[in-house]
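Single-letter residue listing:
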Amino acid sequence: MDERIAAEVTSVTIGRGVLEEIADGPETLIVVLAQPGAAQVTARVVSDLEARTIPVVTRMLPDAEEAKSFKVVEETTAWMGEIGVKRDGIVVAIGGGALTDIAGFIASVYMRGIEARYVPTTLLGAVDAAIGGKTALNVGGKNLVGTFAHPDRVVIDVDLLQQLPDELLAEGMAEALKAGLIGDPGLVDVIERSGLHADLEEVVKRAVAVKLAIVEADFREAGSRAHLNFGHTIGHAVEAVAGWSHGRSVAVGMVAASAISRMVCGFDGEERIEAIIAALGLPVACPGLNRADLHRLMRMDKKSDPEGLRMVLLEGLGRPLVSHIDPATLDAGLDAIGIGDE
Ligand SMILES: NC(=O)c1ccc[n+]([C@@H]2O[C@H](COP(=O)([O-])OP(=O)(O)OC[C@H]3O[C@@H](n4cnc5c(N)ncnc54)[C@H](O)[C@@H]3O)[C@@H](O)[C@H]2O)c1
Ligand SMILES: [Zn+2]
């Protein structure tokens, strides 16, 4: 099955066996930027391009966060210049969220911007990183540098995602759950019912639809786009302090944000969310972290302002809001995930 979600901003194809569509269109040099974990998918795409005699060059970038650096930007753009990539060249990014972040950045600055297409190969990449047109590099802080630049096309082949190991599936399910919590309560039901065995095509389509709708309404994050940060204020701090993966950190961040939502706006779904997260094999607590470290990181968060920390909370399922949080309430939220004060 193959369905196109029409978006003003990006063409997103979600389906099974749709990988080959990434190369459709006028023939021009294709620059494949790939991630080690996506080597098999990359080989398939490249051999398909070669079979269609479409000119293609490939470069493997470092894995995961290692790729998101100015050094990689410099080396890769210099290489693109040397091999003669022109304004009509197309970057095809194949990999997880880290790869689409860096490849998208490169495409957005090379010759002031050339076409970019994404093949997300992780569930997190498919439901989140590849959608919405934010690119990013880590410079000191995570994602401190980046551009707003929509890819021209995103092709999500669910058959690829179906083969992911449980751990990577769970990471993506955390973001899909977030999408459900802020914008599609029915998606929460689906994930609650079937966990990692949920119909991935349905999960991806629904989660992508939530994100596209939010991004179309508020591309540059003047307002409602912030709702996508549910679970991320505390999640990002946990990610930095504990060194956990993004999905696991966001999972525990959503548990804390649910507890704070109960305290601030009477949200009654806290236990349900915790149970769904636990059933996905994701953490619901992270004891042993230093509370002061988390406070420091949250003060530096891009989403904090002079009045203090702003967090996305839930009044109910599908009803997010942004609220200032006082320090005592924040600490009570940290208590809920096992982070005490010594
Ligand atoms: N731009 C955005 O809006 C946005 C949104 C969310 C997350 N992100 C970014 O996305 C990144 C996280 O994405 P991620 O979880 O995909 O991480 P990732 O890109 O680091 O990939 C995780 C690991 O999976 C491997 N991998 C990739 N495809 C695979 C496959 N098919 N089978 C097996 N292994 C595979 C990778 O090689 C890597 O080691 C972070 O850098 C985060 O900042 C960006
Ligand atoms: Zn996230």
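Everything quoted here is computed from the prediction, not taken from an experiment. (Residues numbered from 1 in each chain as written. Chains lettered and ligands numbered in written order. Predicted model: local features only at pLDDT ≥ 70, side-chain atom pairs only at ≥ 80, totals over all residues. Heavy atoms only, no water.)

1. What about the packing of aromatic side chains?
Under the defined criterion, the tally for this structure stands at two aromatic pairs. Geometrically, the ring pair formed by Phe70 and Phe105 is edge-to-face, given 6.3 Å between the ring centres and 80° between the ring planes. Linking Phe70 in helix H2 (residues 70-82) with Phe105 in helix H3 (residues 97-109), this pair joins segments that are 35 residues apart in sequence. For the cation-ring pair, Arg248 lies above Trp244, with the distance from its terminal atom to the ring centre recorded as 5.2 Å. (Phe/Tyr/Trp six-rings, centres within 6.5 Å; stacked < 30°, edge-to-face > 60°. Helix = DSSP H or I, 4+ residues; strand = E, 2+ residues; numbered from the N terminus. Lys NZ or Arg CZ within 6 Å of the ring centre and 35° of its normal.)

2. A short note on the coordination of the zinc ion (ligand 2)
In this structure, Glu175 (OE), His232 (NE2) and His246 (NE2) serve as the protein donors to the zinc ion (ligand 2), at separations of 1.8 to 2.1 Å. Mapped onto the polypeptide sequence, the residues donating to the zinc ion (ligand 2) form the spacing pattern E-x56-H-x13-H. Placement of the pair is Glu175 in helix H6 (residues 166-183) and His246 in helix H10 (residues 246-265), with a sequence separation of 71 residues. The class for Glu175 is buried, based on a relative accessible area of 2%. (Donors = N, O, S within 2.8 Å, 3.2 Å for Na, K, Ca; no water. Buried < 20%, exposed > 50% of the residue type's maximum accessible area, 1.4 Å probe, protein only.)

3. Description of the pairing of strand S10 (residues 309-316)
The element S10 is extensively covered by neighbouring structure, given that six of its eight residues are classed as buried. In this antiparallel pair of consecutive strands, S10 and strand S11 (residues 319-325), the connection spans two residues, and Gly318 shows a positive phi of 75°. (Pairing = 2+ DSSP bridges.)

4. Some words on the packing of helix H7 (residues 185-194) against helix H8 (residues 200-217)
Look at H7 against H8: their axes get within 10 Å of each other, and the N-to-C directions meet at 155°. One finds that H7 runs roughly antiparallel with respect to H8. Along this stretch, H7 crosses H8, giving a crossing that reads as left-handed. For the pair H7 and H8, contact is made by Gly186, Leu187 and Val190 and by Glu202, Val203, Arg206 and Ala207, respectively. Counted by class, the contact of H7 with H8 contains four nonpolar, one polar and two charged residues. (Axes fitted to C-alpha atoms, helices over the stretch in contact; angles between N-to-C directions. Parallel < 35°, antiparallel > 145°, perpendicular 65-115°, else oblique. Left-handed = near helix turned anticlockwise from the far one by under 90°. Contact = heavy atoms within 4.5 Å. Nonpolar A, V, L, I, M, F, W, Y, C, P; charged D, E, K, R; others polar.)

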